[in-house]
Amino acid sequence: MGKTYERIDGRLRSFIEAQPLFFTATAPLSDDGTINLSPKGLSGSFAVIDEHTVAYLDFAGSNAETVAHLRENGRITLMWTAFQGPPNIVRVHGRGEPVFRDDPRWAGLLGHFPDIDPTPHGLRAIIVVTAELVRDTCGYAVPFMSYDKDRDLHGKRFAREDDASLSEYFTKRQIAESIDGLPGVPLPLPPTTV
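What counts, and at which threshold
- Residues numbered from 1 in each chain as written.
- Predicted model: local features only at pLDDT ≥ 70, side-chain atom pairs only at ≥ 80, totals over all residues.
- Heavy atoms only, no water.
- Buried < 20%, exposed > 50% of the residue type's maximum accessible area, 1.4 Å probe, protein only.
- Helix = DSSP H or I, 4+ residues; strand = E, 2+ residues; numbered from the N terminus.
- Pairing = 2+ DSSP bridges.
- Contact = heavy atoms within 4.5 Å.
- Polar contact = N/O pair within 3.5 Å; in protein donor to acceptor, adjacent residues only side chain to side chain.

Colleague: Report on the pairing of strand β5 (residues 53–58), specifying residues and quantitative values.
Modeller: With six of its six residues buried, β5 lies for the most part within the structure. Where strand β4 (residues 46–50) folds back on β5, the antiparallel hairpin that results is connected by two residues.

Colleague: I'd like a rundown of the pairing of strand β6 (residues 75–81), residues and numbers included.
Modeller: Direction of pairing for strand β2 (residues 22–26) relative to β6: antiparallel, over a ladder of three bridges. Looking across to β6, one finds that F23 is bridged to M79. Both β6 and strand β7 (residues 89–100) contribute to a ladder of seven bridges, which runs antiparallel. Looking across to β7, one finds that M79 is bridged to R91.

Colleague: Outline the environment of R11, supporting the account with residue identities and numerical values.
Modeller: Following the sequence through the fold, R11 ends up in helix α1 (residues 10–18). Note on R11: relative accessible area 51%, which makes it exposed. Contacts of R11, omitting those with residues within four sequence positions, involve Y5, N88 and D136.

Colleague: Can you explain the side chain of R124? Please cite residues and give values.
Modeller: Its place among the elements puts R124 in the loop between α3 (106–110) and β8 (125–137). Assessed through its relative accessible area of 4%, R124 is described here as buried. Reaching out from R124, the side chain makes a polar contact with the backbone oxygen of F59 at a distance of 3.3 Å. For R124, the side chain forms a polar contact with the main-chain oxygen of N63, separated by 2.8 Å.

The analysis is restricted to geometry; functional conclusions fall outside its scope.
Now the structure itself:
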């Protein structure tokens, strides 16, 4: 039986922060728009800001569906599942916002991620999510799987980029808009200030 929580704290917060992988789901308002589901990882790239707010670092990648959907309507669901230990699935349904490099909140938000150097990963935004509904479910059918370590490929790939070459890469990947033509990541990227 699932349970609804008033806030992200205690056992729930500990569970979320211990997971090496989570998923994000977003969708455009259009009935025929493309629903997006993305895995997120990399130790240190997720943070619980307070009892109702979480955030994660949005690194360089080949699309910008989550950013585009959030800019259009703000709806997002985050999901964590236990692949080790007792079974559990936690979902945070809420409103998200991409905070870009030129936003005055950037430096303060970046301070919530002290265990990761975002420089080699082409950090393009910080996704901030305000929880509207927090629930857990049993997860009895989720298999046991082991976590060995983070892959180092993303950092190796994007460490050789600077702001100008990242903007060029993003232009080629067409992340300025989503698959459905919604505004994505604003280009060119503002300079990194931190």
